[in-house]
Amino acid sequence: MESATLKNINKILKDAPESILERILGYIEGILEEENTDFKLSDEQKESLRQIKKRSYEQHTEIDAFLNEMSSKYGI
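Residues numbered from 1 in each chain as written. Predicted model: local features only at pLDDT ≥ 70, side-chain atom pairs only at ≥ 80, totals over all residues. Heavy atoms only, no water.

(A) Region of interest: a negative patch on the surface. A grouping of E18, E22, E62 and D64 is seen on the molecular surface, where their side chains present a negatively charged patch. Position of E62 among the secondary structure elements: in the loop between α3 (43–54) and α4 (63–74). (Patch = residues over 30% accessible without salt bridge, like charges linked within 9 Å, V, L, I, M, F, W, Y side chains within 5 Å. Areas by Shrake-Rupley, 256 points an atom, 1.4 Å probe, with all protein chains shown as cover. Salt bridge = Lys/Arg side-chain N within 4 Å of Asp/Glu carboxyl O. Lys, Arg positive; Asp, Glu negative; His and termini not counted. Charge placed at Lys NZ, Arg CZ, Asp CG, Glu CD. Helix = DSSP H or I, 4+ residues; strand = E, 2+ residues; numbered from the N terminus.)

Pasting the structure below:
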């Protein structure tokens, strides 16, 4: 059974570009993730995230490139 909310979401996103749909999917997956996210960031990691937040939209990287960068820097 499909809820009214799900129907409304489908209607809104029907013509959305693939790049938007990928971002939304990542957001949904993050919300649904059940693993514990209680962790501490080092000062270097916090500063790295601050710098990323300051970037314009055009400067942002694809999620795979970002995850590879974070993995190589911080082992996450």
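Text resumes after the structure shown.
(B) Summary view of α3. Relative to the 16 Å expected for 12 residues at 1.5 Å per residue, α3 spans 17 Å between its end C-alpha atoms, a close match to the ideal helical length. Tucked into the core, α3 has its buried residues touching α4. (Expected span 1.5 Å × (residues − 1). Contact = heavy atoms within 4.5 Å.)

(C) Fine view of the pattern of salt bridges. Enumeration over the complete set of coordinates arrives at two salt bridges. Where E47 meets R50, a salt bridge forms, and the shortest distance between an N and an O atom there is 3.1 Å. Of this pair, E47 and R50 both sit in helix α3, three residues apart, roughly one helical turn. Taking the relative accessible area as the measure of exposure, R50 reaches 43% and is therefore partly exposed. Measuring nitrogen to oxygen at the nearest pair gives 3.4 Å for the salt bridge that ties E69 to K73. With E69 and K73 both in helix α4 and four residues apart, the pair spans about one turn of that helix. Under the relative-accessibility criterion, K73 is labelled partly exposed at 48%. (Buried < 20%, exposed > 50% of the residue type's maximum accessible area, 1.4 Å probe, protein only.)

(D) The packing of α3 against α4, seen in detail. At a minimum axis distance of 12 Å, the contact between α3 and α4 shows a crossing angle of 160°. One finds that α3 runs roughly antiparallel with respect to α4. Crossing of α3 over α4 shows right-handed handedness. Across the interface between the two elements, E44, Q45, S48 and I52 from α3 touch F66, M70, K73 and Y74 from α4. Its residues placed into classes, the contact of α3 with α4 shows four nonpolar, two polar and two charged. (Axes fitted to C-alpha atoms, helices over the stretch in contact; angles between N-to-C directions. Parallel < 35°, antiparallel > 145°, perpendicular 65-115°, else oblique. Left-handed = near helix turned anticlockwise from the far one by under 90°. Nonpolar A, V, L, I, M, F, W, Y, C, P; charged D, E, K, R; others polar.)

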